[in-house]
Amino acid sequence: MNKHIAVLAGDGIGPEITDGAIAVLKKVAEKYGHDFTFEPLLMGGCAIDACGEPLPAHTVERCLASDSVLLGAVGGPKWDSLPGDRRPEKGLLGIRKAMNLYSNIRPAKLWPALADASPLKKSLVENGIEILVVRELTGGIYFGERGRYEDESMGETAWDTEKYSVREIERITEIACKLAQKRTKKIISVDKANVLESSRLWRKTVHAYAEKHYPDVTVEDMLVDNTAMQIVKNPAQFDVLLTSNMFGDILSDEAAQVTGSIGMLASSSLGDGTRGLYEPIHGSAPDIAGKDVANPIATVLSAAMMLRDSFGLPDEARAVERAIAQVLDEGYRTADILSEGMKKVGCKEMATLIAERI
Ligand code: IPM
Ligand code: MG
């Protein structure tokens, strides 16, 4: 199979972790007789430095011409004082929107070898955790209108808007229901319907859609503040968690941490077709950038999701996931997941160890 992959390495640890994932994908190609080509493109802070904008038109054009996109991470203190519409993050939001990737899947699972890395009590994690966050990705407050003005009595004032339409809610509900059907057939839909009008429409639409099209799937609602609490109180109660853009952003970091490390969580972003964007859920970690200590596993797992969900290569995806489990079982750890008696390795070595086991 021939596949052309656009690579947006981005900033901070982005280049190191995407290099790791590319090394693993190259091994997969060699082993299974595929031809994968990789095209590096600028997005984020590095694009601001090179061309003055976070998402050059050329990058969008080439991503749309690719079979899928692999992304590292964007942002860093260097660009923190830029105005909102010229920040690196704007590049990431922009490419998701340009590719119409409205569905973001973030599986938070506890790897048996890493059970000790969870900050939660053993009794809470011993039966495993496997939360699938299904996050709406191109709507809501991250894309709503915003502005600033001078208020006469309160001074400078800023505003953002949360807005959702029935169609936007239905299409992400469709994705969540499809995934739930293959799992426990239970969805918890997160909202703040006791306060927000957009959440009341969210709740009503999710139920109406699921009842009509997926009568075998149960939908329960949970308020976002309670969800944040329940994730640390009893993470095992969750299977598919359906969320808006902002709630999913926040809760997926929380779900990641209860499973041990945010350095282990992958994500896929898809729209109506098979071309997707695959990225770790963590950020660019500028404090450890360039030191070869970052954990490449979230990005390697994202590459595995690309193999399965965009390229239809489930055996290859499983081979990557098995290789990761094997490396962890053999005791190799990057700094973020290190525990006593384990063998500490850097970013590059971790990726090499995984590639060797494919
Ligand atoms: C994420 C990140 C991004 C988001 C930022 C960097 C724009 O936090 O992918 O979770 O909010 O979606
Ligand atoms: Mg986030």
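Residues numbered from 1 in each chain as written. Chains lettered and ligands numbered in written order. Predicted model: local features only at pLDDT ≥ 70, side-chain atom pairs only at ≥ 80, totals over all residues. Heavy atoms only, no water.

Colleague: Help me get a handle on the packing of helix α1 (residues 14-32) against helix α12 (residues 347-356), residues and values and all.
Modeller: Where α1 contacts α12, the axes come no closer than 9 Å and their chain directions differ by 15 degrees. The angle between α1 and α12 places the two elements in the roughly parallel class. For the pair α1 and α12, the sense of crossing is right-handed. Where α1 abuts α12, its residues Glu-16, Ile-17, Gly-20, Ala-23, Val-24 and Lys-27 lie against Cys-347, Ala-351, Ile-354, Ala-355 and Glu-356. Here the contact of α1 with α12 is composed, by residue class, of 7 nonpolar, 1 polar and 3 charged. (Axes fitted to C-alpha atoms, helices over the stretch in contact; angles between N-to-C directions. Helix = DSSP H or I, 4+ residues; strand = E, 2+ residues; numbered from the N terminus. Parallel < 35°, antiparallel > 145°, perpendicular 65-115°, else oblique. Left-handed = near helix turned anticlockwise from the far one by under 90°. Contact = heavy atoms within 4.5 Å. Nonpolar A, V, L, I, M, F, W, Y, C, P; charged D, E, K, R; others polar.)

Colleague: Describe in detail the site of ligand 1, supporting the description with residues and values.
Modeller: Near ligand 1 you find Glu-89, Leu-92, Arg-96, Arg-106, Arg-135, Tyr-142 and Asp-249, and these make up its full shell. In the model, an oxygen atom of ligand 1 is placed 2.8 Å from a nitrogen or oxygen of the Arg-106 side chain. The separation between an oxygen atom of ligand 1 and a polar side-chain atom of Arg-135 is 2.9 Å. Coverage of ligand 1 by the protein chains reaches 79% of its 320 Å² of free accessible surface. Among the elements that take part in the shell around ligand 1, helix α4 (residues 88-98) stands out by supplying 3 residues, more than any other. Considering only residue class, the shell around ligand 1 consists of 2 nonpolar, no polar and 5 charged. When residues of the shell around ligand 1 are sorted by domain, at least three fall in each of domain 1 (1-104 + 272-358) and domain 2 (119-258). (Near = heavy atom within 4 Å. Polar contact = N/O pair within 3.5 Å; in protein donor to acceptor, adjacent residues only side chain to side chain. Areas by Shrake-Rupley, 256 points an atom, 1.4 Å probe, with all protein chains shown as cover. Domains from an automatic or database assignment.)

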